[in-house]
Amino acid sequence: MVEKKNISKNTLKEKQAETKEIEDYVAEEPKQNKKNKFTFDNRFFRVTGLIFILLSVYFIIAFSSYIFTWSVDFDKVKGSWLNLVSDNNVKVDNWLGKFGAIISHIFIYNGFGVASYLFVLIFLTIGLKLFIQVAMFNLKKLLGLSFFLIIMISVILGHFFVKDEFLFIGGVFGYQSNLWLNGALGNIGTTFLLVFSVFIFFVVVFNSSFNWLKLIFSVKEKATLVENDETVENKELKNVLIKDVTEEDTRNESENKIEISTIDENGFENVELKNENEVPVKNEVTTDKTSDIELIVENPVQSNIETIEINTEPIALGEYDPTLDLPKYQPPTIELLEEYGTNAASVQKEELEANKNKIIETLGNYGIQIAKIKATIGPSVTLYEIIPEAGVRIAKIKNLEDDIALSLSALGIRIIAPIPGRGTIGIEVPNLNPEIVSMKSIFMSDKFQNSGFDLPIGLGKTIANEVYVADLTKMPHLLMAGATGQGKSVGLNAILASLLYKKHPSQVKFILIDPKKVELTLFSKIERHFLAKLPDFEEAIITDTRKVVRTLNSLCIVMESRYDLLKDAGVRNIKEYNKKFIERKLNPNEGHHFFPYLVVIIDEFADLIMTAGKEVELPLTRLAQLARAVGIHLIIATQRPSVNIITGTIKANFPARLAFRVISKIDSRTILDIGGADQLVGRGDMLLSTGSDLIRLQCAFIDTPEVNKITDFIGSQEGYTSAFLLPEFNDENSGEKDNYDSSERDPMFEEAARVIVMHQQGSTSLIQRKLKLGYNRAGRIIDQLEAAGIVGPFEGSKAREVRIKDEMSLEQFLRDVNKN
């Protein structure tokens, strides 16, 4: 006690100075927040957006009036604008008065002419984006295109309207530009340059191929070819050929037919020749508007049939767009979500000061002196970063976690000693009035709106009040755990809502597994848009354990099929494959198709393990190990993170873990491999582990009525005819395997058997690729081959055994089977 008293006397002035420094440091951030509160508030952007919208309306009225009144007001506005505005005796005819006349004169006459109307579009676009706070357009591209059009239109109009009474159409900019161009290139040269620029514009911006020019020149080329053909000895036949070419648009003959090339829905050319009623074709020329291939058939009495082909480049079809499956689909709007009242200012200076004093006092009681302290206010927790005096052991501070919690009378104190990469020690203290982080605030943020992630999920806000958006494809699977009522279901809804707001139904599909039968049923309304299921399931939300096993095994089949297609395409992952398919470098006739992402969400995983055990764990582990490259991602949630539920094999394949508040340190270590989840305060407070990083977040809150509004909005739109169908899977242990009669076998049964024996590979995907069949039909054929004894039973990840080793044995086998 004597020593402590002496220290206090000797260092009284130092302590007062330190306390004053700490007070100033802690109070600094709230002052800055108050200062910049309006600047970064949503109201600032909305007010700015309204100003731009008002400017666009003002400009369009002023410009439109100027078109009719410019000649009357010209002498008044060409002089001093200050005198014009200050002189009340001068009147103008512009609908918006003197300012309208001046602004119109600046932009139209002295500027770019009628091309200045594009400034209205620019202001309106900026205003709508700031006011609605949604990235409706690519603003950067729109601005670039608009300014280019303003210049190009002004120059073109200035070239053709050079008289004084029409000078306002191209503006002074267009007039002066043409004076320079005419001097450099001449009038004709300038005309050619402008026409050439228009063609370049359409090619670069709209990728125009000018097919109408192709059609004109192709018809002329065909007529010239027939006219110059000196090998045709029959003069009458020659005249008929020329007549047929020139009248091909109006001619419609029904007695004979030669079919020409067509373009299928996938963009590939199919050529089919038919002769109706097998009647010989006589003296005909047929051409197709969709291709430049001409077929000339001479008199069939002659021994020689001469064919002349004109080779042209393939028709450019552009990139494949999967969203055109549902072209009228609209994503949910921000207005469907609630904007809960924020409590950003609820952490008052008094609360910060009291917590700071208690931390200093508690540490001081154990002889730990602090050199500096800093407070970072979060939505539910405030982080106090302290720098201890030299010589203080970090472990000593870490052991005082419970003592600090006792002195602050707060639940959920967590000490981070040290904070990685900061060189400080962190003490997280829950706020007295935690903020509700609304889902709307996450979706309206620039970080979410402009996210370039493949599967972006807005989880909430960090302890520094920053929006946190993660990419599910980078995780690539997520393991969630938390005690009942701590926010786990809200977290799942936040993940689903994030993907619904960012992705088109053609780009992502959900497989929802809900043993409790109540949590995920809210999403049953979007079955025809976003959900996937097996063909014989009545409902897309899976609640029965046996159906879960079949679904997971079906996903394994999808995974293997996709890997086979990736191999054929010569790519490594779904992103490269879809890019190649979109660029039309993969042929759908060979089994290739666009891969949507498949997100599997399992709620109450513990219940599945208790009822199904290894039946669920085996396919789940296979998917966790292999499925990430083909776009299948797993999200597993449980309220019991015990070692018999979350096994080491599962944890090894789930590097991303999300922990809400759990009951004990053991549960925290099971889910995160570290303590801390037991120190959380609940109500959406969570820890996210992404390998080496551990981040504390406040989960965004989305209530049940909001989810209902989102699903109602999507469900009311036109969707697919059914949910996304997964391939059929017959459980080998269920005793329900079909027995196929030979009379009920598929017509492709024998051909499939030959393919299987030739390649010695009992694979459904092999039949699908070689015979160009759908997966369900190929699966039925492989079951028929098994029933006939040609291939062995299903063996998980291994290919089926082929029991017939050569084609001669197969032919004998098929003859014997057909006799029976």
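For clarity, every value in this text was computed on a predicted model and none was experimentally measured.

> Describe the overall build of the protein chain, listing the residues and the values that go with them.
Summing up its helical and strand segments, the protein chain has 28 helices and 19 strands in all. Looking at the protein chain residue by residue over its 820 residues, the buried ones come to 45%. Across the protein chain, the fraction of contacts at a sequence separation of at least 24, relative to all contacts at a separation of at least 6, is 66%. Put simply, the protein chain shows about 43000 Å² of open surface, and 55% of that area lies on carbon and sulfur atoms.

> Tell me about helix α25 (residues 749-759), residues and numbers included.
Considered for burial, the residues of α25 that qualify are F749, A752, A753, V755, I756 and V757. Immediately beyond the C-terminal end of α25, within one or two residues, lies Q760, with a positive phi of roughly 50 degrees.

> Outline the sheet that holds strand β11 (residues 478-481), supporting the account with residue identities and numerical values.
Spatial strand order, β10-β9-β18-β17-β16-β11-β15-β14-β12: nine strands in an open sheet with mixed pairing. Across the chains shown, the open sheet's two edge strands, defined by having one partner strand only, are β10 (467-471) and β12 (508-513). If you compare each strand with its neighbour and ignore which way they point, the axes differ by 30 degrees on average. Alignment of β12 against strand β14 (residues 597-602), held across six bridges, turns out to be parallel. Across the sheet, residue F510 finds its bridge partner in β14, namely V599.

> Lay out unusual backbone geometry in plain terms, naming residues and giving numbers.
It is generally the case that most residues other than glycine have a negative phi and that most peptide bonds are trans. Omega for the peptide link from M475 to P476 comes to -10 degrees, which places this bond in the cis form. Note on placement: P476 falls in the loop between β10 and β11. At N465, a position not held by glycine, the phi torsion is positive, near 65 degrees. Note that N465 resides in the loop between β9 (456-462) and β10. Owing to a relative accessible area of 31%, N465 belongs among the partly exposed residues under this scheme. Positioned with a positive phi, D673 is a non-glycine residue whose angle comes to about 65 degrees.

> Which residues make up the confidence of the model for the protein chain, and what values do they have?
Counting all residues, the mean pLDDT for the protein chain is 78, and 77% of those residues have values of 70 or more. Counted against residues more than four places away or in other chains, residues 1-12, with its pLDDT under 50, gives one contact. Between residues 225-315, whose pLDDT stays under 50, and residues either more than four places distant or in other chains, the model counts 114 contacts.

> Which residues make up the layout of surface pockets, and what values go with them?
A volume near 1100 Å³ is recorded for the second largest pocket. H593, F594, P596, F724 and L725 are, among the 33 residues lining the second largest pocket, the residues nearest its centre. Breaking the lining of the second largest pocket down by element, the ones donating at least two residues are α18 (545-569), β19 (724-725) and α27 (775-788). Sort the elements by how many residues they give to the lining of the second largest pocket and α18 lands first, with five residues. Here the lining of the second largest pocket is built from residues that sort into 18 nonpolar, 11 polar and four charged.

> A description of the packing of helix α16 (residues 488-502) against helix α24 (residues 704-715) should follow, citing residues and the corresponding values.
Two quantities define a packed helix pair, namely the angle between the helix axes and the distance between the axes. Close contact between α16 and α24 brings their axes to 11 Å; oriented N to C, the two are set at 30 degrees. In this structure, α16 crosses over α24, and the sense of that crossing is left-handed. Residues N493, A497, L500 and Y501 of α16 touch α24, and the partners they reach there are V707, I710 and I714.

> Please give an account of the packing of aromatic side chains that cites residues and values.
Enumeration over the complete set of coordinates arrives at 21 aromatic pairs. Seen in terms of ring centroids, Y329 and F530 are 6.1 Å apart; in terms of plane orientation they differ by 70 degrees. Their pairing is edge-to-face. In this pair, Y329 is assigned in the loop between β4 (291-297) and α11 (349-365) and F530 in helix α17 (residues 527-530), connecting sequence segments 201 residues apart. In terms of burial, Y329 and F530 fall into one category: buried.

> Residue-level account of the pairing of strand β18 (residues 694-699), with values.
Examined bridge by bridge, β9 and β18 share three bridges and lie antiparallel to one another. The residue of β18 that forms the bridge with K461 is Q698. Of the pairings in the sheet, the one linking strand β17 (residues 685-690) to β18 comprises five bridges and is antiparallel in character. Looking at the pairing, M686 lines up with L697 of β18. Connecting the antiparallel pair β17 and β18 is a turn made up of three residues, with G691 showing a positive phi of about 100 degrees.

> Break down the pattern of salt bridges for me, with residues and values.
Enumeration over the complete set of coordinates arrives at 27 salt bridges. The salt bridge partner of K709 is E338, with a shortest N-O separation of 3.2 Å. Placement of K709 in helix α24 and of E338 in the loop between β4 and α11 is noted, with a sequence separation of 371 residues between them. In this structure, the salt-bridge partner of R696 is D685, at a minimum N-O distance of 2.5 Å. With R696 in strand β18 and D685 in strand β17, this residue pair connects regions lying 11 residues apart in the sequence. Its relative accessible area of 6% is what places R696 among the buried residues. Of the residues examined, D685 reaches a relative accessible area of 0% and is grouped as buried. Overlapping salt bridges bring together R414, E428, D685 and R696 as one network.

Cut-offs used in this document
- Residues numbered from 1 in each chain as written.
- Predicted model: local features only at pLDDT ≥ 70, side-chain atom pairs only at ≥ 80, totals over all residues.
- Heavy atoms only, no water.
- Helix = DSSP H or I, 4+ residues; strand = E, 2+ residues; numbered from the N terminus.
- Buried < 20%, exposed > 50% of the residue type's maximum accessible area, 1.4 Å probe, protein only.
- Contact = heavy atoms within 4.5 Å.
- Areas by Shrake-Rupley, 256 points an atom, 1.4 Å probe, with all protein chains shown as cover.
- Pairing = 2+ DSSP bridges.
- Axes fitted to C-alpha atoms, helices over the stretch in contact; angles between N-to-C directions.
- pLDDT = per-residue confidence, 0-100.
- 1 Å grid on protein atoms, 1.4 Å probe; cavity = no way out; pocket = protein on both sides within 12 Å on 5 of 7 lines; lining within 4 Å.
- Points joined across faces, edges and corners; volume = space filled by probe spheres on them.
- Nonpolar A, V, L, I, M, F, W, Y, C, P; charged D, E, K, R; others polar.
- Left-handed = near helix turned anticlockwise from the far one by under 90°.
- Phe/Tyr/Trp six-rings, centres within 6.5 Å; stacked < 30°, edge-to-face > 60°.
- Salt bridge = Lys/Arg side-chain N within 4 Å of Asp/Glu carboxyl O.

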